[in-house]
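Architecture and fold: a report
Listed below are the residues making up each chain.
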Amino acid sequence: MVNYTLRQLQYFVAVAEAGSLSAAAVACHISQAAMSQSMADLERVVGSQLLVRSRARGVVLTAVGTEFLHDARSLVRHAEEIQGQIMERQSALAGPLVIGCYSSLAAFWIPVICECFTAPNPGLQVKIIEGDAAQLQQRMLQGHLDVVLTHTRHLLEDVEHRVVMSGRPYVLVAASHRFAERGSVKLAELAEDDFVSLDLPTVRDNQLVNLRLSGLDPKIRWSSQSFEAVRGMVARGLGYTVLVQRPPVNVSYDGLPLAMLEIDGPVGYSDICVAYTATKRPSLRLRAFLDFCEQVGAERDSRAAQENS
C-alpha cells in the first residue's frame, strides 16, 4: 500500500516552489498549521527528512527532498494528465496546458493563442510564460511546461519539435537607407554598416553565428533586448539589423518608415517551431495545440507569399 497521498505530494511541490510553508498554505488555500502537519506526515511515511525549516530562510530542501521533488512533480503531472484525459473523453479540450513562448515571438503568437485557442476552449487551464528559449526548454524538460514556442536554431537536445512556420531571415533598414528601394541585398554589401543587435542569449548564440557563417561579421554598434526598440533604432538610421519575425507593417513604434530586404544569397533558416518532450501518448490538448500552431503558421506563410508575389 502507498502510504502518502496525492494531496500531500501537491502540497510538497507547492512548498518547494514557494520556499515557505506560509506562502504554500496561502497558494493551496489551507492554514499554515495544516500545511505543516501535512509535511510532517509526509516525512514520516517516506521515512526521511525532506525539508529544513528556518524562520529566517523559510524552508530548504534536503538532498533526499530534492530527489523526491522530481518524482513528486512527475506523479502530480501524471495524475493531472489522467484527470484531463477523463474530462477530454467526456467533453471538449480540458485540463492544464502550460505554454512557454520565446520572448521575441510573444507579440506575434500570444494574442492569437488567447483569442483562437484558449477562449474557445473554456475547459482548458492555459498558462503562458515568456522568456529565453533555452531556459524555457530546460523548464519543460524538468516538467514545469508542456510546450515551448521557439526557433529551430534554439532547440536543445532531448526535445521533440514540430515546425509550424518558415523563418528565413531578412535585413531591416531605414526607409532613407541607400539600399531601401532595392528589395534585396547581399550580406557582404553591409559589412561596413553599423549593426543593431537584438540582444538576447539565443540570438547571440545563433543568429550572429549564422551571419558569420553566411559571410558577414556584423559591426555591432547598438543593441537592445526589445524587438521594437531595435526596429526603432533602425528606423532612425542608426544601422541595420537582421530579424526573422515579420510585422505586417514596415513602420516603427514612433511612426518612422522601414524597409525589409530579402537576403540575396544563402543564409541559414530559423523556422518557428513548437518544442515538446518525447511521449508515447501526448494528451489531446497538446495535439490540438500543435495542430493549431501549424494552421496559424501555414496561414501566415501563405499570406506572406501572396504579398511577395
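For the structure given in this document, a descriptive report is provided here.

Criteria and cut-off values
Residues numbered from 1 in each chain as written. Predicted model: local features only at pLDDT ≥ 70, side-chain atom pairs only at ≥ 80, totals over all residues. Heavy atoms only, no water. Pairing = 2+ DSSP bridges. Helix = DSSP H or I, 4+ residues; strand = E, 2+ residues; numbered from the N terminus. Contact = heavy atoms within 4.5 Å. Axes fitted to C-alpha atoms, helices over the stretch in contact; angles between N-to-C directions. Phe/Tyr/Trp six-rings, centres within 6.5 Å; stacked < 30°, edge-to-face > 60°. Buried < 20%, exposed > 50% of the residue type's maximum accessible area, 1.4 Å probe, protein only. Lys NZ or Arg CZ within 6 Å of the ring centre and 35° of its normal. Salt bridge = Lys/Arg side-chain N within 4 Å of Asp/Glu carboxyl O. Core = buried A, V, L, I, M, F, W, Y, C linked by side-chain atoms within 4.5 Å.

1. Overview of the sheet that holds strand β12 (residues 258-263)
Here 4 strands make up an open sheet; going across it, the order is β8-β12-β7-β11 and the pairing mixed. A single partner strand is all that each edge strand has here, and the edge strands are β8 (184-185) and β11 (241-243). Here strand β7 (residues 170-174) runs beside β11; their pairing, made up of 3 bridges, is antiparallel. Bridge pairing links L172 to T241 in β11. Along the sheet, helix α8 (residues 227-235) makes contact with β7, β11 and β12, crossing β7 at roughly 55 degrees.

2. Here we look at the environment of T62
As for its position among the elements, T62 is in the loop between β2 (58-61) and α4 (63-90). C-alpha separation for the pair T62 and S48, spaced 14 residues apart in sequence, amounts to 9.4 Å. Sequence-distant contacts of T62, that is, excluding residues within four places in its chain, are made with Q49, L50, L51 and V52.

3. Quick notes on the packing of aromatic side chains
All told, the structure shown has 6 aromatic pairs when counted by the stated rule. Between Y4 and F68, the ring centres sit 6.2 Å apart and the planes meet at 85 degrees, which makes this aromatic pair edge-to-face. Of this pair, Y4 sits in the segment before α1 (6-18) while F68 sits in helix α4, and the two are 64 residues apart along the sequence. The class for Y4 is partly exposed, based on a relative accessible area of 28%. A residue is classified by how much of its surface remains accessible, and F68, at 15% relative accessible area, is buried. For the pair F117 and F292, a centre-to-centre distance of 5.3 Å together with 40 degrees between the ring planes defines the contact as tilted. Taken together, the residues F117 in helix α5 (residues 106-118) and F292 in helix α9 (residues 284-308) connect sequence positions 175 residues apart. Assigned by exposure class, F117 and F292 land together as buried. Members of the aromatic cluster, joined through ring pairs, are Y4, F12 and F68. Over the aromatic face of W222 sits the side chain of R221, whose NZ or CZ is 4.1 Å from the ring centroid. A cation over an aromatic ring shows up here: R300 above the ring of W109, its NZ or CZ 4.8 Å from the ring centre.

4. Describing the pattern of salt bridges
Overall, the coordinates contain 14 salt bridges when judged by the stated rule. Residue E228 pairs with R231 through a salt bridge whose shortest N-O separation is 3.1 Å. Here R231 and E228 lie together in helix α8, a separation of 3 residues that amounts to about one turn. With respect to burial, E228 and R231 carry one shared label: buried. Between E262 and R246 there is a salt bridge, with its nearest N and O atoms 2.7 Å apart. Separated by 16 residues along the polypeptide, E262 in strand β12 and R246 in the loop between β11 and β12 bring together distant segments of the chain.

5. Looking at the nonpolar core
Among the nonpolar cores identified, the biggest contains 42 residues, and W109, I113, L149 and F289 are the most heavily contacted of them. Considering each element in turn, this core owes the most residues, 7 residues, to α5. If we ignore the near neighbours within four places in the chain, the residues touching W109 are L149, V164, M165, I272, C293, V296, G297 and R300. Grouped together as the second largest cluster of nonpolar side chains are 19 residues, L9, Y11, A25 and M39 included.

6. Focus: the sheet that holds strand β5 (residues 147-151)
Strand order in the open sheet made by the 5 strands is β4-β3-β5-β13-β6, with mixed pairing throughout. Each edge of the sheet is formed by a strand with only one pairing partner; in this case those strands are β4 (124-131) and β6 (160-165). Adjacent strand axes in the sheet meet at a mean angle of 25 degrees, parallel and antiparallel pairs treated alike. Bridge count for β6 against strand β13 (residues 272-276) is 5 bridges, and the pairing is antiparallel. Residue pairing across strands places R162 opposite V274, the latter belonging to β13. Against the sheet, α5 engages β3 (95-102), β4, β5, β6 and β13, with an angle of about 180 degrees to β4.

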